[in-house]
Amino acid sequence: MTTRERRYGVELTNLDEPLSPLAGATKRDLVDYLDEIADYLLPALADRPLTVLRVLRGQRPFMQKNTPKYTPEWVPTVTIWAESSQRQVRYPLCNDRRTLLWLANQRAVEYHPALGLADNIYRPTHLVLDLDPPDDDFAKVVAVAQLVRQTLDDHGLVGAVKTSGAKGLHVFVPVADTGADDVAAATRALAARAAALDPAIATTAYIKTDRAGKVFVDSTRAGGATVVAAYSPRLRPGLPVSFPLDWADLDTVTPGDFTVYTAVDAAAERPSWEQLMAPPQRLPEELIEFGHTIPVARVAAMHEGRRRARARRQAGD
């Protein structure tokens, strides 16, 4: 079997080499999957600045935003000023199968598009809640997902759900033209109200040691954040996939059901991520206003960490 071939004008190399000891799969497994799933995956990536997780031979996996100097000129890119790092970042835009296969040949395993489009990365098109369980008990995260769904319904909103490709779930709510600060505020408000419905199983505590075995309703995926795309592989044993689900399916599936070996057939039998997504929705003003009264989780956690450090120092005195 040849380890080189050409598809859609892309020279593919070293196809039968292992991706990584963790994945338990070859580069060919990755390329074949992305080629077959492209019609489902590309709409989630199109025109969005893209960060990928690459795994090169003999190196630790790393997240890459900047396109390398050897990127072909036919790969579309967008250059954006990054306030956090105070530099220009030249992101790839994965708008077609050829670009996707070129990225696959670069051993890009995970695909994390921005929540905003290339013309304004800081204006999110979706509000996202990331449900992160403390262990592998998927029933816990499903129960909290239903709390989130109830909260959305209480505010006249409709969300779509997908597995994260790891242990948790992502809930996406398409939003009409709304500034990043207001989307972030509404996300905090929804997280707080969902967790309040059953604080015995859900929490918004950003500090892990404060979660007490509960599912973390993470409201920090906002602003210029990225979230792994629907149908993207994850660099974990067996190469699981972030997979869209109907809400009614949550009780009958597990994240491990969807891998690069099973997701293509599963996608053909189910509604696509695009079909599951509601039209953009206006966020209630009351929700936004309430969210602005809730401290940003990372900032609050930073101040709390400092307070605890002072308390430990004082106790030591």
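Now for a look at the structure at hand. All of these numbers come straight from a predicted model, not from anything done at the bench. (Residues numbered from 1 in each chain as written. Predicted model: local features only at pLDDT ≥ 70, side-chain atom pairs only at ≥ 80, totals over all residues. Heavy atoms only, no water.)

Moving on to the overall build of the chain. Each helix and strand counted, the chain has eight helices and 15 strands in total. In summary, the chain has a C-alpha radius of gyration of 20 Å against a globular reference of 20 Å for 317 residues, a match within 12%. Taken over the C-alpha atoms alone, the chain extends approximately 60 × 50 × 40 Å along its principal axes. In the chain, the share of contacts with a sequence separation of at least 24, taken over all contacts with a separation of at least 6, comes to 71%. Accessible surface, the chain as shown: approximately 14700 Å² in total, 50% of it carbon and sulfur. For the chain, the distance from the average position of its 38 positive side-chain charges to the average position of its 40 negative side-chain charges is 9 Å. (Helix = DSSP H or I, 4+ residues; strand = E, 2+ residues; numbered from the N terminus. Rg over C-alpha atoms; globule rule 2.2 N^0.38 Å. Contact = heavy atoms within 4.5 Å. Areas by Shrake-Rupley, 256 points an atom, 1.4 Å probe, with all protein chains shown as cover. Lys, Arg positive; Asp, Glu negative; His and termini not counted. Charge placed at Lys NZ, Arg CZ, Asp CG, Glu CD.)

The next point concerns the nonpolar core. One finds Tyr 33, Leu 34, Leu 100, Tyr 111, Leu 127, Leu 131 and Tyr 231 to be the most contacted residues of the largest nonpolar core, which totals 86 residues. Apart from the residues within four sequence positions on either side, Tyr 33 is in contact with Tyr 231, Pro 233, Val 241, Val 260, Ala 263 and Val 264. (Core = buried A, V, L, I, M, F, W, Y, C linked by side-chain atoms within 4.5 Å. Buried < 20%, exposed > 50% of the residue type's maximum accessible area, 1.4 Å probe, protein only.)

Let us look at the packing of aromatic side chains. Where two aromatic rings form a pair, the distance of their centres and the angle of their planes describe that pair. Following the criterion strictly, the structure yields six aromatic pairs and no others. For the pair Tyr 231 and Phe 243, a centre-to-centre distance of 5.8 Å together with 85° between the ring planes defines the contact as edge-to-face. With a gap of 12 residues between them, Tyr 231 in the loop between strand E14 (215-218) and strand E15 (244-245) and Phe 243 in the loop between E14 and E15 connect regions that are remote in the sequence. Each member of the pair, Tyr 231 together with Phe 243, is buried. Through successive ring pairs, a cluster of aromatic residues spans Tyr 40, Tyr 231, Phe 243 and Phe 258. Of note, Arg 98 hangs over the ring of Trp 74, and the distance from its end group to the ring centre comes to 3.8 Å. (Phe/Tyr/Trp six-rings, centres within 6.5 Å; stacked < 30°, edge-to-face > 60°. Lys NZ or Arg CZ within 6 Å of the ring centre and 35° of its normal.)

Let us now look at the environment of Asp 153. As for its position among the elements, Asp 153 is in helix H3 (residues 138-154). With a relative accessible area of 58%, Asp 153 lands in the exposed category. For Asp 153 and Pro 18, which are 135 residues apart along the polypeptide, the C-alpha to C-alpha distance reads 45 Å.

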